[in-house]
Amino acid sequence: MIRIRFVSHPGIFNWACRIAQYGFWASHCEVVMPDGTLLGAISDGVKARPPGYDVGHFSQETFLDVKATPDQEDIFYGFLGSQIGKPYDTWAIISFFFPSRDWQELDSWYCSELLGTAFAECGIFPQHMAVKFSRITPRDLLLLISTRTEGMVNVE
């Protein structure tokens, strides 16, 4: 089982994300690693952060459990671990409004692109989607994995 965390942060960034995602509330997503750390890409890059690192800084938190085989889990977590230290992809935010890039470039990451590529690496998503697109938002990630979920747990 792979557990994904979606959060909403107050402020202008979250407001802009809501517009770009047709009203979807989450502005960030990350994965709960087997050791309990939260691995994701935010402004200071791809890092594994301790649980609770942002307590008091978000307005909504939801966890989603995704079905995966043990082999898929190993590949998924292995890929994510290999991306630690890579920078945040500021251009991904711009592509919310001006599509112009490949969301699977491996040089830098936006949170949902990092997780989407990890899901492609382990075979939960296809490596190449039927239609080329320039971004994958937290909303897109949620929609793509929704058929493989065990359920959502809302924490407010």
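Since the model is a prediction, treat every value here as computed from it, not as a measurement.

*Asks:* For this particular structure, what's the right way to read the overall build of the chain?
*Replies:* When you go through the chain residue by residue, the secondary structure sums to 5 helices and 6 strands. Starting at the N terminus, the α and β elements of the chain follow one another as β-α-β-β-β-β-α-α-α-α-β. Scored against the burial criterion, the 156 residues of the chain give a buried share of 49%. Of all intrachain contacts in the chain linking residues separated by at least 6 positions in sequence, the fraction that spans at least 24 positions is 67%. In the structure as shown, the chain presents an accessible area of about 7700 Å², 60% of it carried by carbon and sulfur atoms.

*Asks:* Would you mind showing me how to read helix α5 (residues 138–145) here?
*Replies:* Looking only at α5, the buried set comprises P138, L141, L142 and I145. Along the axis of α5, the buried positions cluster into a sector of 100 degrees, meaning they face one direction only.

*Asks:* I tried to follow the side chain of Q72 on my own but got confused; where do I start?
*Replies:* Along the polypeptide, Q72 turns up in helix α2 (residues 70–82). When near neighbours in sequence (up to four residues on either side) are disregarded, Q72 contacts C122, G123, I124 and R148.

*Asks:* Whenever I open this one, the side chain of E30 confuses me. Can you help?
*Replies:* Among the secondary structure elements, E30 is positioned in strand β2 (residues 28–32). Within polar-contact distance, the side chain of E30 engages the side chain of R5 at 2.3 Å. A polar contact of 3.0 Å, which involves the side chain of E30, links it to the side chain of H28. Those residues in contact with E30 that sit more than four places away from it in its chain are R3, I4, R5, L38, L39, G40, Y53 and L115.

*Asks:* What should I look at first to understand the packing of helix α4 (residues 111–121) against α5 in this one?
*Replies:* When two helices pack together, their arrangement is captured by the angle between the axes and the distance separating the axes. Interhelical geometry of α4 versus α5 gives an angle of 25 degrees and a closest axis separation of 8 Å. If you check the angle between α4 and α5, you find them roughly parallel. For α4 against α5, the interelement crossing comes out left-handed. Contacts from C111, S112, L115, G116 and F119 in α4 reach P138, L141 and I145 in α5. Here the contact of α4 with α5 is composed, by residue class, of 6 nonpolar, 2 polar and no charged.

Cut-offs used in this document
- Counting restarts for each chain, with residues numbered from 1 along the sequence as it is written.
- Residue-level local features of this predicted model are given only where pLDDT is at least 70; pairs of side-chain atoms are given and counted only at 80 or more, and the full residue set underlies all totals for whole chains, interfaces and linings.
- As a rule here, side-chain values cover all heavy atoms of the structure and leave hydrogens and water aside.
- Under the scheme used here, helices are H or I runs from DSSP no shorter than 4 residues and strands are E runs no shorter than 2 residues, and both carry numbers assigned from the N terminus.
- For the exposure calls, accessible area comes from a 1.4 Å probe over protein chains only, and a residue counts as buried if that area is under 20% of its type's maximum, exposed if over 50%, partly exposed in between.
- The contact rule is simple, with two residues in contact once any of their heavy atoms fall within 4.5 Å.
- A 1.4 Å probe and the Shrake-Rupley method give the accessible areas. Residues count as covered only by the protein chains that appear here.
- Our arc is simply the arc of the directions from the helix axis toward the C-beta atoms.
- We call two N or O atoms a polar contact when they sit within 3.5 Å, provided that within protein one can donate a hydrogen and the other can accept it, with sequence-adjacent residues counted only if both atoms are side-chain atoms.
- Axis definition: a line fitted to C-alpha atoms, limited for helices to the stretch in contact. Angles are taken between N-to-C directions and run from 0 to 180 degrees.
- For this classification, under 35 degrees means roughly parallel, over 145 means roughly antiparallel, 65 to 115 means roughly perpendicular, and everything else is oblique.
- Should the near helix be turned anticlockwise from the far one by less than a right angle, the crossing is termed left-handed; should it be turned clockwise, right-handed.
- Polar here means any residue other than Ala, Val, Leu, Ile, Met, Phe, Trp, Tyr, Cys and Pro, which are nonpolar, and Asp, Glu, Lys and Arg, which are charged; Gly is therefore polar.

In short, geometric facts, not functional conclusions.
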